[in-house]
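Geometric and topological summary
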Amino acid sequence: MNISTTSVIGLWVAIGFACALASKADAYDEITVANGGTIRGSVKVEGKIPKLPPLQITKYKEVCKDVPNENLIVGPGQGLRYAVVTLEGITKGKAVEKEAQHELDNVRCRFVPHVLAASVGQFLVMKNTDPILHTVHAFFTNGQPQFNVGLYPGRTSRKPLISPGVVKIRCEVHPWMSAYLVVTEHPYHAVTDAYGEYLITDVPAGSYKLKVWHESLGSEEKSVEVKAGASSNIDFVFNPKPGVKK
């Protein structure tokens with residue numbers, strides 16, 4: 001059986017079109033959200049809270065002093081700070097603020113803030129207000145290339161965020177320094193404050209999975225039903241267990 005060149009070209013065009021449709025189906029669509037709902041709540045820790053060891057400061061001690069260990073911060077009312085709450089699998093909603101910049105500074109040999117959340121299409125701006133050299137080495141686990149930026153005192157660098165995922169950040173000069181960046185396709189995410197509280201707004205009505213992630217305690221998911229114009233309260237509780245992988 002002979003297959004003409006035209007037929008072959010037509011077949012590849014059809015395959016390409018199907019792939020494009022599949023890709024579009026998986027993408028996040030920006031829509032106008034009228035009378036959206038709100039999700040709020042808290043992330044707390046119950047039980048015995050493990051005591052974190054002090055960071056091992058090995059160099060530049062005249063600058064790098066009193067550096068806190070921020071891997072597990074529990075505040076008033078057992079609220080968990082620096083947990084990231086995201087809506088999982090949401091395919092359409094309010095627009096991402098493209099070109100928005102999220103700042104990560106180097107201050108007294110620690111990354112500030114310790115945890116950031118951002119959206120694809122936004123930027124990470126890295127600064128160094130210390131009088132010594134730092135680096136920002138970002139370890140991506142997906143399609144985005146890793147970067148390792150050297151920051152001399154006063155220098156600023158900006159990198160685009162093109163893929164979702166959890167990004168670990170380290171300083172190659174000062175190995176005790178670490179931070180995390182959580183990138184999503186959409187704008188429905190929040191980092192808990194000192195009280196462990198979070199707020200996500202303008203959510204289209206529907207049924208979703210709500211996920212909380214923490215660098216030391218892992219992740220949990222809950223179902224949430226969002227109604228137009230209404231507020232849903234979803235709380236999470238972590239119970240630290242010995243040997244939890246960080």
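Here we summarise the structure given alongside this text. Being a predicted model, the structure only gives us computed values, none of them experimental.

Below, the discussion takes up the pattern of salt bridges. Evaluation of the coordinates by the stated rule reveals 3 salt bridges. Note that Arg110 and Glu70 form a salt bridge whose closest N and O atoms lie 2.7 Å from each other. Placement of Arg110 in the loop between strand 5 (101-106) and strand 6 (111-112) and of Glu70 in the loop between strand 2 (37-45) and strand 3 (84-88) is noted, with a sequence separation of 40 residues between them. With relative accessibility at 8%, the residue Glu70 sits in the buried group. Residues Lys127 and Glu103 are paired through a salt bridge, measuring 3.6 Å at the closest nitrogen-oxygen approach. In this pair, Lys127 sits in strand 8 (residues 123-127) while Glu103 sits in strand 5, placing the two residues 24 residues apart along the sequence. The partly exposed category is assigned to Glu103, whose relative accessible area is 43%.

This brings us to the environment of Arg158. Residue position: Arg158 is located in strand 11 (residues 156-160). According to the relative accessible area criterion, Arg158 is partly exposed, its value standing at 42%. Distance in space between the C-alpha atoms of Arg158 and Gln101 is 8.5 Å, their sequence separation being 57 residues. With residues up to four places along the chain from it excluded, the contact list for Arg158 reads Glu99, Gln101, Phe123, Leu124, Val125 and Met126. In terms of polar contacts, Arg158 uses its side chain to reach the side chain of Gln101, at 2.9 Å.

Another aspect to go through is the sheet that holds strand 16 (residues 206-214). Each strand in a sheet pairs with another by means of backbone hydrogen bonds, the pair being arranged parallel or else antiparallel. Overall, antiparallel pairing links the 4 strands, which are arranged 14-3-16-17 in an open sheet. What marks the edges here is a single partner per strand, and that holds for strand 14 (189-191) and strand 17 (218-226). Within the sheet, the average angular offset between the axes of one strand and its neighbour, ignoring direction, is 20°.

Leu124, Ile169 and Leu181 are the most contacted members of the largest nonpolar core, which totals 29 residues. Put simply, the parts of the chain that give this core at least two residues each are strand 7 (115-119), strand 8, strand 9 (134-139), strand 10 (147-151), strand 12 (165-170) and strand 13 (178-184). With residues up to four places along the chain from it excluded, the contact list for Leu124 reads His102, Leu104, Leu116, Phe147, Ser157, Arg158, Lys159, Leu161, Ile169 and Leu181.

Looking at where Ser216 falls in the secondary structure, it is placed in the loop between strand 16 and strand 17. In this structure Ser216 comes out as buried when scored by relative accessible area, which is 4%. A distance of 2.9 Å separates a polar side-chain atom of Ser216 from the backbone oxygen of Asn71.

The next point concerns unusual backbone geometry. For the peptide bond that leads from Val112 to Pro113, omega is 0°, which places it in the cis range. Its location among the elements puts Pro113 in the loop between strand 6 and strand 7. In the Ramachandran plot, Asp66 falls in the positive-phi region, its phi being about 55° despite a non-glycine side chain. Assignment of secondary structure puts Asp66 in the loop between strand 2 and strand 3.

Procedures and definitions
- Residues numbered from 1 in each chain as written.
- Predicted model: local features only at pLDDT ≥ 70, side-chain atom pairs only at ≥ 80, totals over all residues.
- Heavy atoms only, no water.
- Salt bridge = Lys/Arg side-chain N within 4 Å of Asp/Glu carboxyl O.
- Helix = DSSP H or I, 4+ residues; strand = E, 2+ residues; numbered from the N terminus.
- Buried < 20%, exposed > 50% of the residue type's maximum accessible area, 1.4 Å probe, protein only.
- Contact = heavy atoms within 4.5 Å.
- Polar contact = N/O pair within 3.5 Å; in protein donor to acceptor, adjacent residues only side chain to side chain.
- Pairing = 2+ DSSP bridges.
- Axes fitted to C-alpha atoms, helices over the stretch in contact; angles between N-to-C directions.
- Core = buried A, V, L, I, M, F, W, Y, C linked by side-chain atoms within 4.5 Å.

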